[in-house]
Amino acid sequence: LKRGLTSAGAGEIMAPGDQPNVNVILAPDVYVNASVSVGTPPEQVVQRVLGGAAKSGKSKTSAWVLARVEAMLNAVPAFKPEAVALQMKTIGSLVETVKIADHKPEDWAKALAATAKAAGVKRVITDHPDLADQEDVDGVEFMSSDAWLVEQTTPPPPPPPPKGK
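Quick look at the structure, then. (Residues numbered from 1 in each chain as written. Predicted model: local features only at pLDDT ≥ 70, side-chain atom pairs only at ≥ 80, totals over all residues. Heavy atoms only, no water.)

Comments concerning the side chain of Arg123
Defined as follows: Numbering of helices and strands starts at the N terminus; helices are DSSP runs of H or I of at least 4 residues and strands are runs of E of at least 2. Throughout, exposure labels follow a simple rule: accessible area from a 1.4 Å probe, protein chains only, divided by the maximum for the residue type, with under 20% read as buried, over 50% as exposed, and the rest as partly exposed. In the analysis that follows, any N or O atom pair within 3.5 Å is treated as a polar contact, provided that within protein one partner can donate a hydrogen and the other can accept it, and provided that, for residues neighboring in sequence, both atoms belong to side chains. Any two residues having at least one pair of non-hydrogen atoms within 4.5 Å are treated as being in contact.
Along the chain, Arg123 falls in strand β4 (residues 123–125). Overall, Arg123 belongs to the buried group, its relative accessible area being 19%. In this structure the side chain of Arg123 is engaged in a polar contact, spanning 2.6 Å, whose partner is the side chain of Glu151. Residues in contact with Arg123, not counting those within four places in the same chain, are Asn23, Val24, Ile25, Val140, Glu141, Met143, Trp148 and Glu151.

Some details on the pattern of salt bridges
The line we're drawing: A pair is scored as a salt bridge if a Lys or Arg side-chain nitrogen falls within 4 Å of a carboxyl oxygen belonging to Asp or Glu.
For the structure shown, the criterion picks out two salt bridges. For Arg123, the salt bridge identified is with Glu141, shortest N-O distance 3.1 Å. Placement of the pair is Arg123 in strand β4 and Glu141 in strand β5 (residues 141–143), with a sequence separation of 18 residues. Note that Glu151 and Arg123 form a salt bridge whose closest N and O atoms lie 2.6 Å from each other. One end of the pair, Glu151, is in helix α8 (residues 145–153); the other, Arg123, is in strand β4, and 28 residues separate them in sequence. A residue is classified by how much of its surface remains accessible, and Glu151, at 35% relative accessible area, is partly exposed. What you see here is one network of salt bridges that share partners, running through Arg123, Glu141 and Glu151.

Describing the side chain of Asp29
Short version of the rule: His is not counted, nor are the chain ends, whereas Lys and Arg count as positive and Asp and Glu as negative.
Within the element layout of this structure, Asp29 appears in helix α2 (residues 28–36). No salt bridge is formed by the buried Asp29; its nearest oppositely charged neighbour, Arg68, is found at 11 Å. Of note is the side chain of Asp29, whose polar atom sits 2.7 Å from the side chain of Thr126. Here the side chain of Asp29 touches His128 through a polar contact of 3.2 Å, landing on its backbone nitrogen. Leaving out residues up to four positions away in the same chain, Asp29 has contacts with Met72, Trp108, Thr126, Asp127 and His128.

Overview of the sheet that holds strand β1 (residues 25–26)
Note the threshold: DSSP-based pairing: two strands are paired if at least 2 bridges between them are found.
A sheet is described by the order of its strands in space; here three strands give the open sequence β1-β4-β5, paired in parallel fashion. What marks the edges here is a single partner per strand, and that holds for β1 and β5. Pairing between β4 and β5: three bridges, direction parallel. Looking at β5, one finds that Val124 is bridged to Phe142.

Here's the deal with the nonpolar core
Formally: Here, nonpolar core refers to any group of buried Ala, Val, Leu, Ile, Met, Phe, Trp, Tyr and Cys residues whose side-chain atoms link them within 4.5 Å.
With 40 residues, the main nonpolar core has Leu26 and Leu112 as its most contacted residues. Per-element accounting of this core gives the leading share, six residues, to helix α7 (residues 108–119). Filtering out sequence-adjacent residues up to four positions away, Leu112 remains in contact with Ile25, Ala27, Pro28, Trp64, Val65, Val124, Leu131 and Phe142.

What to know about the packing of α2 against helix α5 (residues 63–74)
Inclusion rule: Every axis corresponds to a line fitted to the C-alpha atoms, with the helix fit spanning only the stretch in contact, and the corresponding angles, defined between N-to-C directions, vary from 0 to 180 degrees. Each angle gets one of four labels, with under 35 degrees taken as roughly parallel, over 145 as roughly antiparallel, 65 to 115 as roughly perpendicular, and the rest as oblique. Less than a right angle of anticlockwise turn of the near helix away from the far helix marks a crossing as left-handed, whereas a clockwise turn marks it as right-handed. Residues were grouped as follows: Ala, Val, Leu, Ile, Met, Phe, Trp, Tyr, Cys and Pro as nonpolar; Asp, Glu, Lys and Arg as charged; and all remaining residues, including Gly, as polar.
One way to put it is that α2 packs onto α5 with a least axis distance of 8 Å and a crossing angle of 40°. Taken together, the axis directions place α2 and α5 in an arrangement best described as oblique. Relative to α5, α2 is oriented so that their crossing is right-handed. Contact residues: α2 offers Pro28, Asp29, Tyr31, Val32, Ser35 and Val36, while α5 offers Trp64, Val65, Arg68, Val69, Met72 and Leu73. Taken together, the residues that form the contact of α2 with α5 break down as nine nonpolar, one polar and two charged.

Structure below.
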């Protein structure tokens, strides 16, 4: 994730001229998977979303998301407390925190939907098995990192042929 959290690192995944997409919320699992598994779809998503914060504005998140990320990273034996602190500092420097009502740690769908609404976006990227590519929650769409990457890298369809030809 360290590589993906610099604008230079973002260039490794993003094509020239691509703009990062700050119109999504990243769920805690995406941040954690990107932190522990270099080269995976979650890492590529994080690079695309957070990689150009200096140019395109910061992606938004909530204290609930950041607290879940920190708790999940602390549960990874390979992540020492000082590494977790450094990772959280890096993530915090690349996002803007929006305020939401308090939610319990297990209230993923409601907390992520509230975060999206507070951020003014309608999509959450998550690989959580109970949420990814499932029904909308309060008008917020949940999609997997794989599905989002396919959408971002698929070229638009060609324009229709001119009428009369």
